[in-house]
Amino acid sequence: MSAYYAPLAGGILIGLATAMLLLVNGRIAGISGIVGGLLSRAFPGQATEGDAAWRFAFLGGLVAAPLVYGALAALPSVQVDAGTLTLAAAGLLVGVGTRYGSGCTSGHGVCGLSRLSPRSLVATLCFMAAGFATVAVVRSFA
């Protein structure tokens, strides 16, 4: 039963963090939007100085969380069965998809669905369908 506590705690923390960001800052915790807001600072009128602070803090928390967890408990082993080129291509495709979909799985799947957004429901269904199709295609060639 203890194997269920870490994912349960993680889910609760994700829910609390996204709710707090929305309630306190009025912002959606979509990672692509947060990073995109930092990158758009290169274009005048797209972001303000105060806007960058919370974005850096949020991303810093994403980096710090596994480091803190690793200091308190053993991190799970990770095995990646893909090469560098495959991972780079996958990352680029995900980036393009988040631009076309106006958000990522965290923005649509976690925050959008909890706000009952019809657009997020469609986006999440598309994410899931694409994931299912990808697994089916990859496994058929393996």
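Heads up: the structure comes first, above all this text.
Cut-off values and rules
Throughout this description, residue numbers start from 1 for each chain and increase along the sequence as written. Note on the predicted model: pLDDT of at least 70 is required for a residue's local features to be given, and 80 or more for side-chain atom pairs to be given and counted; whole-chain, interface and lining totals, by contrast, use all residues. Note: side-chain values were computed over all heavy atoms of the structure, leaving out hydrogens and water. Put simply, DSSP marks the helices as runs of H or I at least four residues long and the strands as runs of E at least two long, and each gets a number from the N terminus on. All accessible-area figures derive from a Shrake-Rupley calculation using a 1.4 Å probe, and residue coverage is judged against the displayed protein chains alone. The term disulfide is used for any two cysteine sulfur atoms that are within 2.5 Å. Here the term buried applies to any residue with accessible area under 20% of the maximum for its type, exposed to any over 50%, and partly exposed to those in between, with areas from a 1.4 Å probe on protein chains only. We call two residues contacting when some pair of their heavy atoms lies within 4.5 Å. Like charges within 9 Å and nonpolar side chains (Val, Leu, Ile, Met, Phe, Trp, Tyr) within 5 Å are joined into patches, using only residues over 30% in relative accessible area that form no salt bridge. For this analysis, a salt bridge means a side-chain nitrogen from Lys or Arg found within 4 Å of a carboxyl oxygen belonging to Asp or Glu. The directions considered for the arc run from the helix axis to the C-beta atoms.

Draft legend 1. Quick look at the overall build of the chain. Looking only at helices and strands, the chain has six helices and zero strands in total. Scanning the chain from its N terminus toward the C terminus, one meets helices and strands in the order α-α-α-α-α-α. In terms of overall dimensions, the chain has C-alpha extents of about 50 × 40 × 35 Å along its principal axes. Working note: accessible area of the chain is about 10500 Å², and carbon and sulfur atoms make up 73% of it.

Draft legend 2. Inspection of the state of the cysteines at higher detail. Taken as a whole and judged by the stated rule, the model has zero disulfides. The structure places no disulfide on Cys 104, whose sulfur is separated from the nearest cysteine sulfur, that of Cys 111, by 8.4 Å. Classification of Cys 104 by relative accessible area gives buried; the value is 10%. Here Cys 126 stays unpaired: no disulfide links it, and the sulfur of Cys 104, its closest cysteine neighbor, is 15 Å away. The exposure class assigned to Cys 126 is partly exposed, which follows from its relative accessible area of 48%.

Draft legend 3. The arrangement of the side chain of His 108 in detail. Structurally, His 108 can be placed in helix α5 (residues 105-114). Excluding its chain neighbours within four sequence positions, the residues that come into contact with His 108 are Gly 101, Ser 102, Gly 103, Leu 113, Arg 119, Ser 120, Ala 123, Thr 124 and Phe 127.

Draft legend 4. Structural context of unusual backbone geometry. Notably, Leu 116 is not glycine yet its phi reads approximately 60°, a positive angle. Looking at Leu 116, the relative accessible area reads 72%, which means it is exposed.

Draft legend 5. Spotlight on a nonpolar patch on the surface. Taken together, Tyr 5, Leu 8, Ile 12, Leu 13, Leu 16, Met 20, Leu 23 and Val 24 make up a surface patch of nonpolar side chains, about 920 Å² in accessible area. The residue Tyr 5 is located in helix α1 (residues 5-25) in this model. Here Tyr 5 falls in the exposed class, since its relative accessible area comes to 52%.

Draft legend 6. Inspection of helix α2 (residues 31-39) at higher detail. Those residues of α2 that sit buried are Ile 34, Gly 37 and Leu 38. Angularly, the buried residues of α2 cover 100° about the axis, an arc narrow enough to put them on a single face.

Note that every value here comes from positions in space, so none of it alone points to a role or purpose.
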